[in-house]
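One letter stands for each residue in the lines below.
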Amino acid sequence: MDVHSPNPVSNVEAAGSPPPVAIVACMLAGMCTFLNVYNTQPLLPYLQQIFHASEIAVSLTVSATILAMALTAPFIGLLAESIGRKKVIVPSLYALTVPTLLAATSRSLHQLVFWRFMQGVFAPGVIVVIMAYINEEFPRRHVGRAMSAYISGTVLGGFLGRYVSGVVAHNFAWQEAFLATGLVNLAGAILVQRSLPLAKNFSRAASVGHSISEGWQHLRNPRLLVVFGMGSSALFCLVGTFTYANFYLAAAPYRLNSKQLGSIFFVYLLGLIVTPLSGRCLDRYGLRLTSVIAVCFTSAGLLLTLLHSLPVIVAGLALASSGVFIYQAVGTVQTGIVADRARSSAAGLYVTFYYIGGGLGAIVTGWTWVAGGWPACVFLLMGVAGLAMVLAFVSSSKAAVSFQPSAVS
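Residues numbered from 1 in each chain as written. Predicted model: local features only at pLDDT ≥ 70, side-chain atom pairs only at ≥ 80, totals over all residues. Heavy atoms only, no water.

Peer 1: Break down the overall build of the protein chain for me, citing the residues and quoting the values.
Peer 2: Along the protein chain, the regular secondary structure elements total 16 helices and zero strands. The long-range fraction of contacts in the protein chain, counting pairs at least 24 apart against all pairs at least 6 apart in sequence, stands at 86%. Split by element, the accessible area of the protein chain, about 15,600 Å² in all, is 68% carbon and sulfur. (Helix = DSSP H or I, 4+ residues; strand = E, 2+ residues; numbered from the N terminus. Contact = heavy atoms within 4.5 Å. Areas by Shrake-Rupley, 256 points an atom, 1.4 Å probe, with all protein chains shown as cover.)

Peer 1: Which residues make up a nonpolar patch on the surface, and what are the values?
Peer 2: A cluster of nonpolar side chains, contributed by Leu270, Leu272, Ile273 and Leu277, occupies part of the molecular surface with about 330 Å² of accessible area. Residue position: Leu270 is located in the loop between helix H12 (258-264) and helix H13 (271-304). (Patch = residues over 30% accessible without salt bridge, like charges linked within 9 Å, V, L, I, M, F, W, Y side chains within 5 Å. Salt bridge = Lys/Arg side-chain N within 4 Å of Asp/Glu carboxyl O.)

Peer 1: Requested: an account of the packing of aromatic side chains, with residues and values cited.
Peer 2: Applying the stated criterion across every chain, the model contains 20 aromatic pairs. Seen in terms of ring centroids, Phe228 and Tyr350 are 6.4 Å apart; in terms of plane orientation they differ by 65°. Their pairing is edge-to-face. Placement of the pair is Phe228 in helix H11 (residues 222-250) and Tyr350 in helix H15 (residues 343-395), with a sequence separation of 122 residues. Ring geometry for Phe242 and Phe265: centres 5.5 Å apart, planes at 40°, overall tilted. Residue Phe242 is found in helix H11, and its partner Phe265 is found in the loop between H12 and H13; the two are separated by 23 residues along the sequence. The same class applies to Phe242 and to Phe265, which are both buried. Here the aromatic cluster, defined as three or more aromatic residues joined through ring pairs, consists of Phe228, Tyr350, Phe353, Tyr354 and Tyr355. One Lys or Arg, Arg162, reaches over the ring of Tyr268 and ends 4.1 Å from the middle of that ring. (Phe/Tyr/Trp six-rings, centres within 6.5 Å; stacked < 30°, edge-to-face > 60°. Buried < 20%, exposed > 50% of the residue type's maximum accessible area, 1.4 Å probe, protein only. Lys NZ or Arg CZ within 6 Å of the ring centre and 35° of its normal.)

Peer 1: So what's going on with the side chain of Thr72? Which residues, and what values?
Peer 2: Locating Thr72 in the fold gives a position in helix H3 (residues 55-83). Since its relative accessible area comes to 17%, Thr72 is described here as buried. At a separation of 2.9 Å, a polar atom in the side chain of Thr72 contacts the main-chain carbonyl oxygen of Ala68. Those residues in contact with Thr72 that lie beyond four places of it in its chain are Gly120, Val121 and Pro124. (Polar contact = N/O pair within 3.5 Å; in protein donor to acceptor, adjacent residues only side chain to side chain.)

Peer 1: An account of the confidence of the model for the protein chain is needed here, citing residue identities and associated values.
Peer 2: Parts of the prediction with low pLDDT should not have their coordinates interpreted in detail. Averaged over all residues, the pLDDT of the protein chain is 86; the fraction at 70 or higher stands at 88%. The least confident element of the protein chain, judged by mean pLDDT, is helix H16 (residues 398-401) at 45; the most confident is helix H5 (residues 109-122) at 97. Contacts from residues 3-15, a stretch scored under 50 in pLDDT, to residues over four places away or in other chains number 55 contacts. Here residues 399-409 scores under 50 on pLDDT; set against residues more than four positions off or in separate chains, the count is 16 contacts. (pLDDT = per-residue confidence, 0-100.)

Peer 1: Could you give me a rundown of helix H9 (residues 174-195), with the residues and numbers involved?
Peer 2: For H9, built from 22 residues, the straight-helix expectation of 32 Å at 1.5 Å per residue is met to within 8% by its first-to-last C-alpha distance of 32 Å. Listed in full, the buried residues belonging to H9 are Trp174, Ala177, Phe178, Thr181, Gly182, Asn185, Gly188, Ala189 and Val192. Viewed along the axis of H9, the buried residues span an arc of 130°, placing them on a single side of the element. The outward face of H9, more than 90 degrees from its buried face, is lined by the exposed residues Leu183 and Arg194. (Expected span 1.5 Å × (residues − 1). Arc of directions from axis to C-beta.)

Peer 1: Any chance you could break down the environment of Val167 for me, citing the residues and the numbers?
Peer 2: The topology assignment puts Val167 in helix H8 (residues 140-171). In sequence terms Val167 and Gly262 are 95 residues apart; their C-alpha atoms lie 6.8 Å from each other.

Peer 1: Please provide a residue-by-residue account of unusual backbone geometry, values included.
Peer 2: With an omega of 5°, the peptide bond between Ala252 and Pro253 qualifies as cis. By secondary structure assignment, the location of Pro253 is in the loop between H11 and H12. Within the chain, His52 stands out as a residue other than glycine whose phi angle is a positive 50°. Inspection of the secondary structure puts His52 in the loop between helix H2 (44-51) and H3.

Peer 1: Explain the packing of H3 against H11 to me, using residue names and the numbers behind them.
Peer 2: Across the interface, H3 lies against H11 with an axial gap of 11 Å and an inter-helix angle of 150°. With respect to their mutual orientation, H3 and H11 come out roughly antiparallel. The element H3 and its partner H11 pack so that their crossing is right-handed. Here Glu55, Ile56, Val58, Ser59, Val62 and Ile66 of H3 lie close against H11, whose contacting residues are Val239, Thr243, Tyr244 and Phe247. In the contact of H3 with H11, the residues fall into seven nonpolar, two polar and one charged. (Axes fitted to C-alpha atoms, helices over the stretch in contact; angles between N-to-C directions. Parallel < 35°, antiparallel > 145°, perpendicular 65-115°, else oblique. Left-handed = near helix turned anticlockwise from the far one by under 90°. Nonpolar A, V, L, I, M, F, W, Y, C, P; charged D, E, K, R; others polar.)

Peer 1: Would you mind going over the environment of Lys86 in detail, with residue names and values included?
Peer 2: Its location among the elements puts Lys86 in helix H4 (residues 86-103). Linking Lys86 and Leu198, residues 112 residues apart in sequence, is a C-alpha distance of 6.7 Å. Filtering out sequence-adjacent residues up to four positions away, Lys86 remains in contact with Pro91, Tyr133, Val192, Gln193, Leu196, Pro197 and Leu198. Polar contacts involving the side chain of Lys86 include one to the main-chain carbonyl oxygen of Leu196, which spans 2.4 Å.

Peer 1: Tell me about H11, residues and numbers included.
Peer 2: With 29 residues, H11 should cover 42 Å at 1.5 Å per step; its first-to-last C-alpha distance of 42 Å lies within 8% of that length. With 26 of 29 residues buried, H11 is to be regarded as a mostly interior element. Capping the start of H11, Asn221 holds a side-chain oxygen 3.1 Å from the backbone nitrogen of Arg223, two or three residues further along.

Peer 1: Residue-level account of the side chain of Arg116, with values.
Peer 2: Topologically, Arg116 is positioned in helix H5. Setting aside residues up to four positions removed in sequence, Arg116 forms contacts with Asn36, Val37, Tyr38, Asn39, Thr40, Thr61, Val62, Thr65 and Phe178.

Peer 1: An account of the packing of H8 against H9 is needed here, citing residue identities and associated values.
Peer 2: Where H8 meets H9, the axes come as close as 7 Å, and the angle between the chain directions of the two elements is 140°. Of the possible angle classes, the one that applies to H8 and H9 is oblique. Crossing hand, H8 versus H9: right-handed. Contact with H8, carried on its side by Ser165, Val168 and Ala169, involves Trp174, Glu176, Ala177 and Thr181 of H9 and no other residues of that element. Taken together, the residues of the contact of H8 with H9 sort by class into four nonpolar, two polar and one charged.

Laid out in structure tokens, this is it:
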């Protein structure tokens, strides 16, 4: 799975039941957004050859999008608190189509990185807002179904974006990969506009200043900052792993092409199974033991990628991604618990720190790749996974629990 914002707003019991197409619209919104976020990952070795660039330079087509999402998420959250949820979600999907299609016109790597950055500017319009929309507009008994549909859409979109890009680029050219993604995104935006019900339970924020004040209170809560670090570490591992595993598998002795690299991302579909199981694991074993399980999965999977057998490497990537999926669920749930007020604001901040971690995962792992190759990357990512576990323990410690945000003037 590629995004897990906390469940930020307590839902209200809406009258009646939402039409089935509303739940499908939530899934499509998540799918279309994540078609775009990581779709250059399987193309990185190909782009390196086309533009005669370094691994770090072409990895900017991943990190630029992620860092743009981190920068714009808080402002998108404030906008949605002022004008409404659907009024942000639908225009964001349409706007996201524009840089996706324009990326196909790029004549240089710098132009491609610019359009990738612009994709990241518009993506938070769905990621930050739709969970608040679901909590506000769906009856309590349907929230779980709608939220699961959205998260399943993010997983499916993350997989399809990578797989379709790899297949299309292999059979045609990398430009056609962006054209295909953009057209699917446009069709999805039209369907979401027609199918997503108008907001009826939205309450406009008292003022922008009030929303900013709530965000500042969250940033003064050390326990919540630790939780943000958990999410940041999780995406660092995920992005670092699946960005530089492409270079590892494109080199000798594997020499996988773009289509084959795109197929590696079938392991992402495990998120459809692992995410629901993560919730059960948290309920049964608690945050700390679940964090240990997640880090063990991630570390064991990363170590398996050091064995010189392609099936074993793929199995290792599947295990590592499953561990990160579990840990993402830990961070999501813990954010909802720790942020006892202004959860929409907390959600926006969580997304910001989450994607800062992802951007750093692409950049810092790149430096490590240059210094020591894939083995060095593995040990770096294992260290970050271990840090994530430590942060989980700190966030649930008695000393951390004693902090009361309401006491802060």
